[in-house]
Amino acid sequence: MAALEASPMATDSTLPGTLTCVASLAGHSERVWHAAWSPDGSLLASCSSDRCVKIWHCAGGAWGLVSTLDDAHERTVRKCDWSPCGRYLAAVSFDGTCCVWRRADDDGGGGGGGGPLEWEIIATLEGHENEVKGAAWNASATLLATCGRDKSVWLWEFGDDEGFELVSVLHGHGGDVKAVCFDACSRLRDDDLLASCSYDDSIKLWGDDGDDWSCRATLAGSGSTVWDLRFVAAPDGSRRLVSCGADRVLRLWVEGEPHAWTVGAALENAHGRCVYSCDAVGPDPTTRVASGGGDDRVSVYGLGAGFARLADAPKAHDGDVNSVRWSPADATLLATAGDDALVKIWKFVTA
């Protein structure tokens, strides 16, 4: 099925910004769980309950499907993540595996002019007891983290020539681990920091102590499942983290002293139902947070001393909004994925 260009969607005119749907990408046959931009913003990967990963490319303002990766997973593909170089794509599945693809047609730079892209599987990582729910690369693409229903986080060391080697299995969560995320600024600090969130209502921060990885901090207080989390840059270079969950609250966590985190801001009733996904872009010129939830809505907030609602798309998808991600190349573009089997591209504009 071809990608469909979308007409503008009405949003709340009383808010200072607008979200306009500029493309609706139809191709999956079942709910889409996640959408991830390539580092240069030229490609978008989406994954679904239909066991496929699809790669989309925009040429001349029109989006088109350039690859379908359907030969690796036997069950739902829950999440996908690009390596920082854009050449590798990791995807995790309810079949208990993480598959890693490599671009076979070039060095992973551009979008191939909209033509077909060739991919090859370079690794199938096994070990989780059951469903794998999340995956994330670190900033140097030397580590890949996976997490799952077995309450654990696995860390895999990667080298272009050496492949993947399991270096640590992190235990500490008391429930299903929903998502993992590396701090993209860790490369500047020469200190990788990994965050994970769980059904046990907590967030954990993990770091390498030399001999092994250990838990550096546990962030509690959500009171219900934490579904997603994303690091966000701060103007002063300090570490900040945005999270969302079943309690319908958006939280900004701020690190003061090393490994000492507090809630810097919280927005209750951010959505009418569970908030399944969040993402942040900033701080230049300002920090913005996007969220999507079980009320079918996508929202954008400005983040200063607190969360200030900037724009809403009340019926963004015909069903749950499972993923929201800002483009790394254009901070006004937002990709969303929903239960209606669609991926949508939105343009955010302030008045």
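Model, not experiment: these values are computed from the prediction. (Residues numbered from 1 in each chain as written. Predicted model: local features only at pLDDT ≥ 70, side-chain atom pairs only at ≥ 80, totals over all residues. Heavy atoms only, no water.)

Enquirer: How should the pattern of salt bridges be read in this particular structure?
Expert: Side chains bearing opposite charge may pair, as long as their charged atoms lie close to each other. If you walk through the whole model with that rule in mind, you get 17 salt bridges. Here R149 and E131 are joined by a salt bridge, their closest N and O atoms 3.2 Å apart. Residue R149 is located in the loop between β11 (143-148) and β12 (152-159), and its partner E131 is located in the loop between β9 (119-126) and β10 (132-137); the two are separated by 18 residues in the primary sequence. For R149, a relative accessible area of 47% puts it in the partly exposed group. Between R297 and D295 there is a salt bridge, with the nearest N and O atoms lying 3.4 Å from each other. (Salt bridge = Lys/Arg side-chain N within 4 Å of Asp/Glu carboxyl O. Helix = DSSP H or I, 4+ residues; strand = E, 2+ residues; numbered from the N terminus. Buried < 20%, exposed > 50% of the residue type's maximum accessible area, 1.4 Å probe, protein only.)

Enquirer: What's the story with the pairing of strand β7 (residues 88-93) in this structure? I'm lost.
Expert: Successive residues of a regular strand alternate their side chains across the two faces of the sheet. Within β7, six of the six residues are buried, which leaves the element mostly enclosed by the surrounding structure. Side chains Y88, A90 and V92 of β7 all project onto a buried face; the interleaved residues L89, A91 and S93 project onto the opposite face, where all are buried too. Strand direction decides the pairing type here: strand β6 (residues 77-82) and β7, joined by five bridges, are antiparallel. Bridging from a neighbouring strand, W82 pairs with L89 of β7. Here β6 folds back onto β7 in antiparallel fashion, the turn holding five residues, of which G86 has a positive phi close to 80°. Bridging between β7 and strand β8 (residues 97-103) involves five bridges; their strand directions are antiparallel. Considered in β8, the bridge of V92 is made with C98. (Pairing = 2+ DSSP bridges.)

Enquirer: Honestly, the side chain of R297 in this entry has me stumped. Any pointers?
Expert: Inspection of the secondary structure assignment puts R297 in the loop between β23 (288-293) and β24 (298-303). When neighbours within four sequence positions are excluded, R297 is seen to be in contact with A270, H271, G272, S291, G292, R309, D312, A313, P314, A316 and V321. (Contact = heavy atoms within 4.5 Å.)

Enquirer: What is the right way to read the environment of T76 from this model?
Expert: Its location among the elements puts T76 in the loop between β5 (62-69) and β6. On the accessibility criterion, T76 (13% relative accessible area) is buried. Expressed as a C-alpha distance, the spacing of T76 and T14, which sit 62 residues apart in the sequence, is 40 Å. Dropping the residues within four chain positions of it, T76 is found in contact with W33, S48, S49, R51, V92, S93 and F94.

Enquirer: In this structure, what is going on with empty space enclosed by the protein? I would like to understand it.
Expert: Left-over empty space is what a probe sized like a water molecule reveals as it rolls over the atoms. Per the stated rule, a full pass over the model turns up one cavity of 30 Å³ or more. Roughly 70 Å³ of internal volume is contained in the largest cavity. Lining of the largest cavity is provided by H34, R78, K79, K178, W227, D228, Y276, S277, N322, S323 and R325. Secondary structure elements with two or more residues in the lining of the largest cavity: β6, β18 (226-233), β22 (275-281) and β26 (321-326). The element that contributes the greatest number of residues to the lining of the largest cavity is β26, accounting for three residues. Tallied by class, residues from the lining of the largest cavity come to two nonpolar, four polar and five charged. (1 Å grid on protein atoms, 1.4 Å probe; cavity = no way out; pocket = protein on both sides within 12 Å on 5 of 7 lines; lining within 4 Å. Points joined across faces, edges and corners; volume = space filled by probe spheres on them. Nonpolar A, V, L, I, M, F, W, Y, C, P; charged D, E, K, R; others polar.)

Enquirer: Help me out: how do you make sense of the layout of surface pockets in this one?
Expert: Considering only enclosed or pocket space, the largest pocket measures out at about 1100 Å³ in volume. Lining the largest pocket are 40 residues, with F182, A184, R230, D279 and P328 positioned closest to its centre. Listing elements by their share of the lining of the largest pocket, those giving two or more residues are β2 (32-37), β6, β10, β14 (177-182), β18, β19 (239-245), β22 and β26. Taken together, the residues of the lining of the largest pocket break down into 23 nonpolar, seven polar and 10 charged.

Enquirer: Would you explain the environment of S291 in this entry?
Expert: Locating S291 in the fold gives a position in strand β23. Here the alpha-carbon distance between S291 and S196, two residues 95 residues apart in the chain, equals 18 Å. Leave out the neighbours within four places in its chain, and S291 touches L250, H271, V275, S277, C278, R297, V298, S299, Y301 and V324. Of the polar contacts made by the side chain of S291, one reaches the side chain of H271; its length is 2.7 Å. (Polar contact = N/O pair within 3.5 Å; in protein donor to acceptor, adjacent residues only side chain to side chain.)

Enquirer: Please clarify how the environment of L69 should be interpreted in this entry.
Expert: For L69, the position within the fold is in strand β5. On the accessibility criterion, L69 (8% relative accessible area) is buried. C-alpha of L69 to C-alpha of W101: the two residues are 32 residues apart in sequence and 9.0 Å apart in space. Beyond its immediate stretch of four places on either side in the chain, L69 contacts R51, C52, V53, L89, W101 and W119.

Enquirer: I keep staring at the sheet that holds β23 and nothing clicks. Help me out?
Expert: Within a sheet, adjacent strands bond to each other through the backbone by hydrogen bonds, running parallel or antiparallel. Strand order in this open sheet of four strands is β22-β23-β24-β25, and the pairing throughout is antiparallel. Single-partner strands in this sheet number two, and they are β22 and β25 (307-313). Between one strand axis and the next, the sheet turns through 25° on average, direction left out of account. Here β24 pairs with β25 via six bridges, running antiparallel. Residue Y301 lies in a different strand from β25, and its bridge partner there is R309. (Axes fitted to C-alpha atoms, helices over the stretch in contact; angles between N-to-C directions.)

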